[in-house]
Amino acid sequence: MPTCRRKRVVLTEPSEVLLQAAKSNPNKEVYYLQQTGEIFETYEAYAARMSFYRLKQFQCEVTGKSGLDYFQALESEQQEAQTMHSRFPEPLKAAVLKAVQWQVVGRLDHLVEAVFDRFKDRYFVDEKVFVDAQGDKFYAKVVQVHPPKTKGESVGVPAENQASSSSAPSPPHGIADDDTVQIHKIGGDLKIPAKEALVRDDPLKYFYKVQILEEQHEKSHEKGKAASKDKAKWSGSFMDVQCSVMSRDRLAFSKSILRRFIRDCVDRDAAVASPWTVKPVIAKHYGVDSVMPEETRKGVEDIKRGEIDKRKKIWEDKEGPPTKKQKKMTAAQEERVKALAVAAEKREREAREKAERQQKAKEEAERLAAEKKKKKPIRYPTEDLDVRLNDKEKKAGLKVKKPTPSKLGLPFGENQGTFEAFLTSWNFLVIYGQPLHLSTFTMDEFEHALRHSLIDPPCALLGEIHSTLIYNLRTVPFTRHSAVLSLLRLQDTLEEDHRVLGVSVDELAGAMADVGNNWERIPLRHTEMRSGWEEALLGCLKDHATLDNFPRLREVLTRLLFAPEPHAEVSSSSSSSRVSSPAANNLSVQSSPSERYYALPPADRIDILTLMCNLAVSSKAVHSHMESCEEQLTALRKEKIEIGRQKKQYTEEMNSLAGETEVKEEPGTNGSVPDEDTTMHESSDLSDVPSEEGSETASTSSARQKRSTRQKDLRQKAHTQAHAKQRELARAQAASAKQALAEHRRLDEEVNKLERRLEAIEREFRKLLGAVRVKPLGKDRFHNRIWWFDGMGSASLLGSGGVVQYGTGRIFIQGPSEMDLELMLKKEDDDYEARRLEEEGPEGLLAPSEWAQYAEPEELDEFLAWLNPKGVRELALKNSFIKWWSHIAPGMRKRISDLNISAKLPEARRSTRTKSSAHDVSREPYMMWTNRRAVNSV
């Protein structure tokens, strides 16, 4: 059996529940492991067991090979067992197994030693052995075994009357049945001591009749042709021999192979003094008794009891030596001994308590020291949830509670699903504005356009968006009348007269029959204000939409093709354009999409755009644009690397120029030499003044004056030349410093140009990357995702002349995903929800996929102050904000400024009930938007 960590692998037994289920439901499906025969009720249990078996941690018990999986180890054991069983003498197997059955031996090695000593000189019928006869070795087969005789026969003398192989054949079992019982019965019984067995059943007194095997001639030691001729006469002959001249092949019988045979055939319980037992299948095959005799059972129990008593005695001896017997004492002596014993016991108890206190104090000191040693300083940044604000940081003014983001300020924020679809549609239209031939527009303009409910004046933004998407979807494969087919399939599952908004499926299909059939060929020209785009939209929905990709298909088509009664229409016109009228719940008058589109609720319009955007993703134009963006991103990456190299080179040159300038400005020739010369000159002049106390003659004085004048002229000339050289050197140094300064300024300008180019590359990189995949700015400590959608795709962060531009002008917060939430709940030891409630507040908690926003720069400043840079996520998020802050904050301020400019007084809005209202609506920013990328033919 393969072992794992030195323990045998035990196969899994079927559970009681599975066994009961097998009786009650024989056809129950289970999982069966064919290699081991194990049965499992669930796939998880089956897979776990199979994974355990596939681990490379098993060892072959026979060969000792390790690093195998269970099946490799089992195969190795089976191969080795097959080889071993084929080599081990077959006649010897039953005798050995009967000998080891019920033996109580501690180690397997000791059992092998005992068996080998008993059977090394005992042979059985049909065994093949080597026989030494007259100095030669022959390979022979035991034919008969004769128990000890009174008179011994000559050993090694061939039976001449049986020399021929054709003479009387030997009996198949060698001897009669009554003799077979007596062969080696005492010697092979391990219950009988070895010495006694040797006396009662001496193997040296056995005689064996063997037959020399003809095919083994070549294996004998030949010493020439003459010797081989002499041996040929022995082939097939019989002879009587004793064990002293017999031996077995070492490959068939040795201690190592005997040990492997016994280990493969026997087993033992883990209890103390358990006997070795032959495995039931092997015992049945070789006729070994599997039922323990009563006498043997009692002997085994006695041995087990004695072993237990022995261990108990050893344990008691360890507890303390037995006290010696003392002489009987008098009453006074007994009292004195008792008093001494009480005092000694008291002292011992006090000493023990003192030692325990000291030990506890020592252990406590060691524990504190170990904790202090283990408590290493935390290296920041680390996991955000492991970072907690201490009292010092709180006193320093760090925010504990996050500023609450607004949920109600979101466009269509009353329904999170509608907002997410709205955000997805706006993002798609802005990012892929170039392949769609659509100019950018802000999220506020998109929101107001979707809320526009007036037929006159029409909203150009709605017409351009739907027209560009319709042109794009003409290149996407579609199924003709897929919406009608889907509705007819739905009708089969509904009641006969099922109606939605008062319209049945048959009536809806009839109204759709003649509308928008040639939508893929209708010209929607920009110069004609995209006239007819509503009918083309209906035709596009007929061929592209199904109930699978557009669950509200029936309701939307019904609202586009049917109108309420005229009196209901009049009453609904007085209601707000943002809320659908209750009268619209029953539509009975057939109408046209151009009249009914503006009566659709904003949620239905968003659903239509979401479907069209999802379908447009697979168009060829969008795919080509994405591939082009990927190529441009690769080019920008290469350019960024090259600019980094140039910037590094310029910086090194600037540093070298600065170092040379510092060396040249060091005071080496700052006029100290001329001063020294002047001093020397003056001193020499003083020394040339004739002494009044001298006694020289006039001639001597005149000669000295001439010589002094000549030296003075020479010194003056040298001084003038030195000054000239210094002036030239100073002029050269000044020119060099001026040139170095000019070069430094030039390099500084080059570096500034490269930095500006890097900033432009970052903005361009953000635009192109948004077309491939949109990523958040980062995550906070609670895995809330922070989104900023400005400056991606066809949108730009800077307009002409460096004017700030924005798309959303807001920062959006999305709640953690389900996976992040599960990971946090598993990892956080403390109450995670309590910490979120404390730091985010009840209103700031965001559920998975729930959205909120920061629309004011002050709110965003507070949020940045709340971020803790000691956490890895919030450090990365804060760095992202710092990187783009010069665009985020001005964009938010620009949006607030635009909203304040376009805001009007509520009274003015309520008083405009006449035609002036249309004029006012036309002056709204979303109505003044124009598509500068429009193409008439597209």
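Read on for a plain summary of the structure. Predicted model only: the values in this text are computed from it and were never measured.

Attention now moves to the packing of helix α14 (residues 416–431) against helix α16 (residues 443–451). The interhelical angle for the contact between α14 and α16, taken along N-to-C directions, is 120°, at an axis separation of 11 Å. With respect to each other, α14 and α16 are oriented oblique. The hand of the α14/α16 crossing is right-handed. Of the residues in α16, those touching α14 at Phe422, Leu423, Ser425, Trp426 and Leu429 are Met443, Phe446, Glu447 and Leu450.

Attention now moves to the sheet that holds strand β18 (residues 785–787). The strand order β17-β18-β19-β20 describes an open sheet built from four strands, whose pairing is antiparallel. What marks the edges here is a single partner per strand, and that holds for β17 (778–779) and β20 (851–854). Note that β18 and strand β19 (residues 811–814) share three bridges and pair antiparallel. Bridge pairing in β19 links isoleucine 786 to isoleucine 813.

A contiguous nonpolar patch, built from Val30, Tyr32 and Ile39 and spanning about 260 Å² of accessible area, is present on the exposed surface. Considering the arrangement of structural elements, one finds tyrosine 32 in strand β3 (residues 31–33).

Here we come to helix α24 (residues 602–616). Here α24 contains 15 residues, and its C-alpha end-to-end distance of 21 Å stays within 8% of the 21 Å for a straight helix at 1.5 Å per residue. Where burial is concerned, most of α24 is hidden: twelve out of the 15 residues are buried. Burial in α24 covers these residues: Pro602, Asp604, Arg605, Ile606, Ile608, Leu609, Thr610, Leu611, Met612, Cys613, Leu615 and Ala616.

Turning to the side chain of threonine 558, a few remarks are in order. Structurally, the position occupied by threonine 558 is in helix α21 (residues 553–561). Overall, threonine 558 belongs to the buried group, its relative accessible area being 0%. Beyond its immediate sequence surroundings of up to four residues, threonine 558 is in contact with Val500, Leu501, Val503, Leu508 and Leu587.

Time to look at the packing of aromatic side chains. Tallied over the full model, the rule gives 34 aromatic pairs. One Lys or Arg, arginine 766, reaches over the ring of tryptophan 884 and ends 5.5 Å from the middle of that ring. Taking the ring centre of tryptophan 866 as reference, the NZ or CZ of arginine 781 above it sits at 3.9 Å.

Moving on to the side chain of aspartate 820. Residue position: aspartate 820 is located in helix α28 (residues 818–827). Exposure remark for aspartate 820: the relative accessible area of 11% places this residue in the buried category. A distance of 3.1 Å separates the side chain of aspartate 820 from the side chain of serine 817, its partner in a polar contact.

Below, the discussion takes up the nonpolar core. Counting residues in each nonpolar core, the largest one holds 94 residues, and the members touching the most others are Leu429 and Leu469. With 29 residues, the next largest nonpolar core counts Met84, Leu190, Leu258 and Ile262 among its residues.

A cis amide bond, omega 0°, links tyrosine 380 with the succeeding residue proline 381. The linkage connecting aspartate 456 with the following residue, proline 457, adopts the cis geometry, with an omega of 5°. Within the secondary structure, proline 457 sits in the loop between α16 and α17 (460–473). Within the chain, arginine 530 stands out as a residue other than glycine whose phi angle is a positive 55°. With respect to the secondary-structure elements, arginine 530 resides in the loop between α19 (505–512) and α20 (533–544). With a relative accessible area of 2%, arginine 530 lands in the buried category.

This part takes up α17. Three or four residues apart is the spacing at which side chains of an α-helix point the same way, because the helix has 3.6 residues per turn. For α17, built from 14 residues, the straight-helix expectation of 20 Å at 1.5 Å per residue is met to within 8% by its first-to-last C-alpha distance of 20 Å. The buried fraction of α17 amounts to 13 of the 14 residues, a majority that puts the element mostly inside the structure.

It is possible for side chains of opposite charge to pair when their charged atoms get near one another. Applying the stated criterion across every chain yields a total of 45 salt bridges. Note that aspartate 69 is salt-bridged to lysine 56, the shortest N-O span being 4.0 Å. You can see aspartate 69 sitting in the loop between β5 (58–59) and α3 (70–87) and its partner lysine 56 sitting in the loop between α2 (43–53) and β5, a full 13 residues away along the chain. Classification of lysine 56 by relative accessible area gives exposed; the value is 51%. Of the charged contacts, one joins glutamate 743 and arginine 746 as a salt bridge, the two residues approaching to 2.6 Å between their closest N and O atoms. Of the two residues, glutamate 743 and arginine 746 are both situated in helix α27 (residues 698–772); the distance of three residues between them amounts to about one turn of the helix. Beyond isolated ion pairs, a larger network of salt bridges with shared partners links Lys402, Asp780, Arg836 and Glu840.

Within strand β7 (residues 136–146), eight of the eleven residues are buried, leaving the element largely enclosed by the surrounding structure. In textbook terms, the turn of a hairpin is the stretch between consecutive antiparallel strands, and for strand β6 (residues 128–133) and β7 this stretch comprises two residues, one of which, glutamine 134, has a positive phi near 55°. Inspection of the sheet shows β7 paired to strand β8 (residues 207–212) by six bridges, in the antiparallel sense. Note that in β8 the partner of histidine 146 across the bridge is phenylalanine 207.

Parameters at a glance
Residues numbered from 1 in each chain as written. Predicted model: local features only at pLDDT ≥ 70, side-chain atom pairs only at ≥ 80, totals over all residues. Heavy atoms only, no water. Axes fitted to C-alpha atoms, helices over the stretch in contact; angles between N-to-C directions. Helix = DSSP H or I, 4+ residues; strand = E, 2+ residues; numbered from the N terminus. Parallel < 35°, antiparallel > 145°, perpendicular 65-115°, else oblique. Left-handed = near helix turned anticlockwise from the far one by under 90°. Contact = heavy atoms within 4.5 Å. Pairing = 2+ DSSP bridges. Patch = residues over 30% accessible without salt bridge, like charges linked within 9 Å, V, L, I, M, F, W, Y side chains within 5 Å. Areas by Shrake-Rupley, 256 points an atom, 1.4 Å probe, with all protein chains shown as cover. Salt bridge = Lys/Arg side-chain N within 4 Å of Asp/Glu carboxyl O. Expected span 1.5 Å × (residues − 1). Buried < 20%, exposed > 50% of the residue type's maximum accessible area, 1.4 Å probe, protein only. Phe/Tyr/Trp six-rings, centres within 6.5 Å; stacked < 30°, edge-to-face > 60°. Lys NZ or Arg CZ within 6 Å of the ring centre and 35° of its normal. Polar contact = N/O pair within 3.5 Å; in protein donor to acceptor, adjacent residues only side chain to side chain. Core = buried A, V, L, I, M, F, W, Y, C linked by side-chain atoms within 4.5 Å.

Don't take any of this as a statement about function, it's just geometry.
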